[in-house]
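The lines below spell out each chain.
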Amino acid sequence: MEGTSIGKIAKLIKTYHNFIITSHVNLDGDALGSELALYFILKQLQKKAKIVNQDQVPYIYQFLPGVDEIICSDKLDKNFKLEIERDTVLVVLDSSNLERIGNIPLEIEKIRIIVNIDHHPSNTNFGHVNYIDVNSSSVGEIIFQLSKELNCELTEQLVIPMFTAIVTDTGSFRYANTTAETFHTAFLLTKSGANPHLITNYIYNNNELSALKLLGEALLKLQIDKNSRFAWSVVTREMMGRTCAREEETEGIVDKILSIRKVQVSVLFKETKEGTTKISFRSKGEFNVDLFSRIFGGGGHPNAAGCQLEGDINTIVKKVLTELKKALNNGNYR
Ligand code: 5GP
Ligand code: MN
């Protein structure tokens, strides 16, 4: 269905009373920050709201207000299903397609109104109502605009998750999605009580030793092409086991690889528990990893994207790097 305006989303929120909020698998700061900010907006408006996700909240985000109220499929009985009323609205945040919400205890087909709020260019407009702003740094920034539209009070419960969403999705205000508008929003959030030093310490200075051990292992396996245009590494199950690292602790490795001078694209191949390979792409400059990762059924943003592939990891590494070399040689995906 066609897109809508932030004003119409605000109107819809005023009209309905029961909301279920969700986001994508592998929760990140924007997914959680925008979910929690919207949750507290709805609470301010005396609405009924629940947040439900497939995955558990990563340790570094457990400081966020309201995380204890999030329902997580991983911890529920297999047969449990959330109750859906006639007028229940499902709000999906930061998810470019409906499959990316993973397994949540909901009979989706019974839901009459799905609201899709996102900033990914590859969004499939899967909602009954779709608000996609590809110029927004983060869904957190969109939720901030929504809070203004609804005349909400900017309490700490709203501004801490919103600031978290923005700071993480902009790579601490370094990515190309960082605009004057982003700083303006961050300024207003800081004025209303979001403390950048405290928030970023929770997120970036809160690692377990295992995360750094895993980073060390991945850097030992780091490889670079002969022209230094791209660099890559792998994280195998064996490396995860040896370092006792948690799934979420691979976060940041691919960004470290991109920090090498001259490297335009970094790639991390990670063997998952389920036996697939999760691939993360990052780029600086013009190479569009969102478009590139779509070759393999993935997506994301121009400078940060991902996909999952089935099969042997070494075969996958060869296949993806062959395509990447071809794309860079031909000047494609710019
Ligand atoms: P990450 O590499 O941190 O997992 O993901 C980077 C970006 O790519 C995020 O915006 C994320 O939503 C997107 N992304 C990662 N994996 C996939 C995927 O399998 N499909 C799609 N459509 N997007 C993905
Ligand atoms: Mn996002």
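Note on numbering: residues in each chain are counted from 1, in written sequence order. As they are written, the chains are lettered A onward and the ligands numbered 1 onward, keeping that order. The predicted nature of this model means local features are confined to residues of pLDDT at least 70 and side-chain atom pairs, given and counted, to a pLDDT of 80 or more, with totals for whole chains, interfaces and linings taken over all residues. Side-chain measures here rest on the full set of heavy atoms in the structure, leaving out hydrogens and waters.

Caption draft 1: View of the domain arrangement of the protein. Throughout, the edges of the domains are those of an automatic or database domain assignment. In terms of domains, the protein is made up of domain 1 (6-204) and domain 2 (209-330). Here the C-alpha centroids of domain 1 and domain 2 sit 27 Å apart. In this description, contact between two residues means that some pair of their heavy atoms is separated by no more than 4.5 Å. Residue-level contacts link 10 residues of domain 1 with 11 residues of domain 2. Across the domain 1/domain 2 interface, buried area totals approximately 780 Å², and carbon plus sulfur atoms make up 50% of it. What gets called buried area is simply the loss in accessible area from a 1.4 Å probe that two parts show on being joined, summed for both. Together, Pro-121, Ser-122 and Tyr-175 form the three largest contributors to the area buried by domain 1 at its contact with domain 2, with a combined 39%. One speaks of a salt bridge when a side-chain nitrogen belonging to Lys or Arg is within 4 Å of a carboxyl oxygen belonging to Asp or Glu. Across the contact surface, domain 1 and domain 2 share zero salt bridges.

Caption draft 2: Layout of the nonpolar core. What we call a nonpolar core is a set of buried Ala, Val, Leu, Ile, Met, Phe, Trp, Tyr and Cys residues that are connected through their side-chain atoms within 4.5 Å. Between buried and exposed lies partly exposed: a residue is buried under 20% and exposed over 50% of the maximum accessible area for its type, with that area taken using a 1.4 Å probe on protein chains only. Within the largest apolar cluster, 54 residues are counted, with the highest numbers of intra-cluster contacts made by Leu-38, Val-115, Ile-117, Ile-143 and Leu-146. Secondary structure is summarised from DSSP: a helix means a run of H or I of at least four residues, a strand means a run of E of at least two, and numbering begins at the N terminus for each. Here the element with the most residues in this core is helix α2 (residues 29-44); it accounts for nine residues. When near neighbours in sequence (up to four residues on either side) are disregarded, Val-115 contacts Ile-9, Leu-12, Val-89, Leu-90, Val-91, Val-92 and Val-129. Among the nonpolar cores identified, the runner-up in size contains 23 residues, and Val-234, Val-265, Phe-296 and Val-320 belong to it.

Caption draft 3: Main features of the coordination of the manganese ion (ligand 2). In the first shell of the manganese ion (ligand 2), the protein supplies Asp-30 (OD), Asp-94 (OD), His-119 (NE2) and Asp-169 (OD), at 2.2 to 2.3 Å from the metal. Nitrogen, oxygen and sulfur within 2.8 Å of a metal are treated as its donors, or within 3.2 Å for sodium, potassium and calcium (Na, K, Ca); water is not counted, so a site can appear incomplete. Along the chain, the residues donating to the manganese ion (ligand 2) fall in the pattern D-x63-D-x24-H-x49-D. With a gap of 75 residues between them, Asp-94 in the loop between β4 (89-93) and β5 (113-118) and Asp-169 in helix α4 (residues 156-169) connect regions that are remote in the sequence.

Caption draft 4: Spotlight on the site of ligand 1. Near residues are defined by distance, with any heavy atom within 4 Å of the molecule or strand qualifying the residue. Among the 15 residues in the neighbourhood of ligand 1, the closest are listed as Ser-96, His-120, Lys-278, Ser-280 and Arg-282. For the purposes of these results, a polar contact is taken to be a pair of N or O atoms within 3.5 Å, where, inside protein, one atom must be able to donate a hydrogen and its partner to accept one; residues adjacent in sequence count only when each atom of the pair is a side-chain atom. One of the side-chain nitrogen or oxygen atoms of Arg-100 is found 3.2 Å away from an oxygen atom of ligand 1. In short, Shrake-Rupley with a 1.4 Å probe defines the accessible areas, and a residue's cover is counted only from the protein chains shown. A total of 500 Å² of accessible area belongs to ligand 1 in isolation, and the protein chains cover 86% of it. Listed by contribution, the elements that provide at least two residues to the shell around ligand 1 are β10 (276-283), β11 (299-301) and β12 (304-310). Asp, Glu, Lys and Arg are counted as charged, while Ala, Val, Leu, Ile, Met, Phe, Trp, Tyr, Cys and Pro are counted as nonpolar; the rest, among them Gly, fall into the polar class. Of the residues belonging to the shell around ligand 1, the class tally is three nonpolar, nine polar and three charged. Inspection of the shell around ligand 1 shows a minimum of three residues originating in each of domain 1 (6-204) and domain 2 (209-330).

Caption draft 5: Quick look at the packing of aromatic side chains. In summary, the pairing rule links any two rings of Phe, Tyr or Trp, Trp by its six-membered ring, whose centres are within 6.5 Å, and it sorts them by plane angle into stacked for under 30 degrees, edge-to-face for over 60 and tilted for everything else. Per the stated rule, a full pass over the model turns up 10 aromatic pairs. Between Phe-287 and Phe-292, the ring centres sit 5.6 Å apart and the planes meet at 55°, which makes this aromatic pair tilted. Taken as a pair, Phe-287 and Phe-292 share a single burial class, namely buried. Clustering of aromatic rings is evident, with ring pairs tying together Phe-281, Phe-287, Phe-292, Phe-296 and Tyr-333.

Caption draft 6: Fine view of the packing of α4 against helix α5 (residues 180-191). Where α4 contacts α5, the axes come no closer than 10 Å and their chain directions differ by 150°. By the angle between their axes, α4 is roughly antiparallel relative to α5. Here α4 runs over α5; the crossing is left-handed. For the pair α4 and α5, the contacting residues are Val-159, Met-162, Phe-163 and Ile-166 in the first and Thr-182, Thr-185, Ala-186, Leu-189 and Thr-190 in the second. In terms of residue class, the contact of α4 with α5 is built from six nonpolar, three polar and no charged. Lines fitted to C-alpha atoms define the axes, with helix axes restricted to the stretch in contact, and inter-axis angles between N-to-C directions lie between 0 and 180 degrees. Angular relationships are summarised with four words: roughly parallel below 35 degrees, roughly antiparallel beyond 145, roughly perpendicular across 65 to 115, and oblique for the angles in between. A crossing counts as left-handed when the near helix is turned anticlockwise from the far one by less than a right angle, and as right-handed when that turn is clockwise.

Caption draft 7: Inspection of the side chain of Thr-272 at higher detail. Within the secondary structure layout, Thr-272 lies in the loop between β9 (265-271) and β10. We classify Thr-272 as buried; its relative accessible area is 10%.

Caption draft 8: Inspection of the layout of surface pockets at higher detail. Here a cavity is any set of points on a 1 Å grid over the protein atoms alone where a 1.4 Å probe fits but cannot get out, and a pocket is any open set with protein on both sides within 12 Å along at least 5 of 7 lines; a residue lines the site when it has an atom within 4 Å of a point. Grid points are joined across faces, edges and corners, and a volume is the space filled by probe spheres set on the points. The calculated volume of the second largest pocket comes to roughly 220 Å³. Along its surface, the second largest pocket is lined by Ser-73, Asp-74, Leu-76, Asp-77, Lys-78, Phe-80, Lys-81, Asn-103, Ile-104 and Pro-105.

Caption draft 9: Spotlight on α2. Helix span is expected to be 1.5 Å times the residue number reduced by one. Under the 1.5 Å per step criterion, the end-to-end length of α2 is 22 Å for 16 residues, consistent within 8% with the ideal 22 Å. With a side-chain oxygen positioned 3.2 Å from the backbone nitrogen of Asp-30, the residue opening α2 is Asp-28. Just past α2, the residue Gln-46 takes up positive phi, approximately 60°.

Caption draft 10: Quick peek at the pairing of β12. Counted residue by residue, β12 has five buried out of seven residues, so it is predominantly covered. Following DSSP output, two strands are said to pair if at least two bridges run between them. Of the strand pairs in this sheet, β10 and β12 are connected by seven bridges, and their pairing is antiparallel. If you follow Thr-276 over to β12, its bridge partner there is Glu-310. Sheet topology places β11 next to β12; three bridges connect them, and they run antiparallel. Paired with His-301 across the bridge in β12 is Ala-304.

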